[in-house]
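Structural description and commentary
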Amino acid sequence: MKNILFVINTLGYGGAERAMLDLFDALDPEKYELSLFVLTGQGELIHELPRHVRLLNQNYKDVSVLTEEGRNLLMKSVLKAGIGKGLFLRRAPYLMKNLRMMRRTGKILPDKLCWRLLADGAPRIRKEYDLAVAYLEGGATYYVADHVKAKKKAAFVHIDYGKAGYTRELDLDCYSRFDQIFTVSDEVKEHYLEVYPEYEKKVGVFHNLVNQDRIRRMADQGKGFEDDFKGIRILTIGRLTAQKRYDIAIQTLAQLKKICDVPVRWYVLGEGELRQSLEQQIEDAGLRGEFILLGIKANPFPYCKNCDLYVHATGYEGKSIAIQEAQTLGKPILATDCSGNREQIQDGIDGRLCDLTPETLSETLLWMIRHPEECRKYGEEAKKKVLYHTKGLEQFLAMVD
C-alpha cells in the first residue's frame, strides 16, 4: 500500500479545500494510505474529512481562520513561531526584502509573508512518504518543499499566481524540489509559467474533480433561504476577501435597484476579514436587509439550488469550484470576464461574462432578470458540462503506481 501525505494551509469551506475532499473520495483506500497535515491546525471543514484519511495534527481547532476567533488563533501561531522559535530574527532579511518589494508595488500582503514563518515553525513529520502533496500555494508548498521526506513531491496551484501576489523572492526556489506541479486549469498553467518558465516540462493540468452526485444530493437536504422574500434572489459564494470584489457587488445592487422594476436581494455565503468593512458599505449604500451576508453554511447547496441567479464577480480567479457547483445545479451564471472565469463559461451559451464595473454588472443582471427563458437555457447548457476530468488524476496516480 502506498503512503500519500497531503498538506494544506487550512481546512475551511474554500474551493481548494472542497476539491481536495473530492480527490480523497477518488483515491481507493485499499491501495492508498492517506494522511493530512493542516499547516494552521484550523478549519471547520474537518467534519467532512473522509474516515479513511488520517489527520496528523494533534491539537486541531474546529474554527475558521476567516472568523475573528480564527484570526486570533492564527496570529498566536505566527507569534509563537516568530518569537518562540526565533524565526522573526532568522527570517529578518527575507521578511524585509519582500516587504520592500511589496511596498514598491503598492500591495502589502501580510499573509504571504507569514506563510514562510508558519511553515518553518510547524511541527515536523518524521515519516517518509511515497508521495507528499502540497495542495495549496504558500505555506503548504514551503512546508512540503523544505520539511517533508518523500520519494516524490507534487504541488498544486489554484490561482493566477502573479495576480495573487506570489513571487520568486517569496518562494525561495521551493518549486525546484517538486517532481510534478499541477495547475487546476490551462489559464492557471499559463500564468504560473509566466513566473516560472523553466518548469514547463513538469507542469500539468489537473482539473478539479467535481462530485456532481454529492452536490445534487446535498442540494435536496434543507431548504436554504429562511426569509419569505418573493423577488429575485442573487447568490454569491466566496470568502469575504479583496479578490472577490464585494465592494463592486454592493455598488452593483445599488444601481440595479434604481433601474429594476422587481424586488431583488443579493445574498453572500462566506466569511472573512472584510466583514466589518462590507457591513459599513452596505449601510452607507442603504442596502441593509437587501445585500445580506449570511456567513458560513455547512451545506451551501440548498441556497444555490433555490437562487434565481448566481454571480461570480471576481478580480481574478484560478478555477472556481463555486461556479462548477452552480453549473451542476443548472443555475444561470453571471461572471466577470477575467482569467479563470472565461475558461469556465461561454458567454451567451451557458452563462454571461461582463466587465467588472457596477454599470456593466447591473445592466447585465437587468437583462438576465428580464429574459428568464434565455437564462433557463443557460442553466440547461451548464448542466450538460462534463466537470469530471480524469487525465490529471491518471498523471497524479502515475507518480506512485
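Above: the structure in question.
Residues numbered from 1 in each chain as written. Predicted model: local features only at pLDDT ≥ 70, side-chain atom pairs only at ≥ 80, totals over all residues. Heavy atoms only, no water.

Digging into the sheet that holds strand E13 (residues 352-354)
Reading across the sheet, the six strands line up as E10-E9-E8-E11-E12-E13 and stay open at both edges, with parallel pairing between neighbours. Two strands in the sheet have a free side with no partner beyond their single neighbour: strand E10 (291-295) and E13. Strand after strand, the sheet turns through a mean of 25° between neighbouring axes, direction not considered. Two strands pair when backbone bridges link them, and strand E11 (residues 309-312) and strand E12 (residues 333-336) are joined in this way by three bridges, in the parallel orientation. Across the sheet, the residue bridging to Val-311 is Leu-334, located in E12. (Pairing = 2+ DSSP bridges. Helix = DSSP H or I, 4+ residues; strand = E, 2+ residues; numbered from the N terminus. Axes fitted to C-alpha atoms, helices over the stretch in contact; angles between N-to-C directions.)

Points about unusual backbone geometry
In this structure, Asp-173 is a non-glycine residue whose phi angle is positive, near 60°. Turning to its location among the elements, Asp-173 is positioned in the loop between helix H7 (168-171) and strand E6 (180-183). Accessibility expressed as a relative area gives 40% for Asp-173, which makes it partly exposed. In the Ramachandran plot, Arg-245 falls in the positive-phi region, its phi being about 50° despite a non-glycine side chain. If you trace the backbone, Arg-245 turns up in the loop between strand E8 (232-237) and helix H10 (246-259). Arg-245 gets classed as partly exposed once you look at its relative accessible area, which sits at 28%. (Buried < 20%, exposed > 50% of the residue type's maximum accessible area, 1.4 Å probe, protein only.)

Focus on the nonpolar core
By size, the foremost hydrophobic cluster in this structure holds 50 residues, and its most contacted members are Phe-37, Tyr-143, Tyr-161, Tyr-175 and Tyr-192. Of all elements in the fold, only strand E1 (2-8), helix H2 (68-84), helix H4 (92-105), helix H5 (110-121), strand E4 (128-134), helix H6 (139-147), strand E5 (149-157) and helix H8 (186-195) reach the threshold of two or more residues within this core. Residues in contact with Tyr-175, not counting those within four places in the same chain, are Thr-141, Ala-155, Val-157, Tyr-161, Ile-181, Tyr-192, Tyr-196, Tyr-199 and Lys-202. One finds Leu-21, Leu-23, Val-133 and Leu-136 within the second-largest nonpolar core, a separate group that totals 35 residues. (Core = buried A, V, L, I, M, F, W, Y, C linked by side-chain atoms within 4.5 Å. Contact = heavy atoms within 4.5 Å.)

Some thoughts on the environment of Pro-302
Position of Pro-302 among the secondary structure elements: in helix H12 (residues 301-306). Dropping the residues within four chain positions of it, Pro-302 is found in contact with Met-218, Ala-219, Gln-221, Gly-222, Lys-223 and Gly-224.

A look at the pattern of salt bridges
Summed over all chains, the structure comprises 24 salt bridges. For Glu-271, the salt bridge is made with Arg-275, and the minimal N-O distance between the two is 2.8 Å. For Lys-384, the salt bridge identified is with Glu-381, shortest N-O distance 3.1 Å. Each of the salt bridges in this network shares a partner with another, and the network as a whole consists of Arg-116, Asp-146 and Arg-177. (Salt bridge = Lys/Arg side-chain N within 4 Å of Asp/Glu carboxyl O.)

Topic: the packing of helix H1 (residues 15-26) against helix H13 (residues 321-328)
Across the interface, H1 lies against H13 with an axial gap of 9 Å and an inter-helix angle of 65°. Every residue of H13 that contacts H1 at Gly-15, Arg-18 and Ala-19 is listed here: Ile-321, Ala-322 and Glu-325. Counted by class, the contact of H1 with H13 contains three nonpolar, one polar and two charged residues. (Nonpolar A, V, L, I, M, F, W, Y, C, P; charged D, E, K, R; others polar.)

Focus: a nonpolar patch on the surface
Where nonpolar side chains cluster on the molecular surface, the patch consists of Met-75, Leu-79, Ile-83 and Phe-88 and spans about 370 Å² of accessible area. Mapped onto the elements, Leu-79 comes out in helix H2. (Patch = residues over 30% accessible without salt bridge, like charges linked within 9 Å, V, L, I, M, F, W, Y side chains within 5 Å. Areas by Shrake-Rupley, 256 points an atom, 1.4 Å probe, with all protein chains shown as cover.)

Let's talk about the side chain of Glu-325
Within the secondary structure, Glu-325 sits in helix H13. The residues contacting Glu-325, other than those within four sequence positions of it, are Arg-18, Ile-215 and Phe-301.

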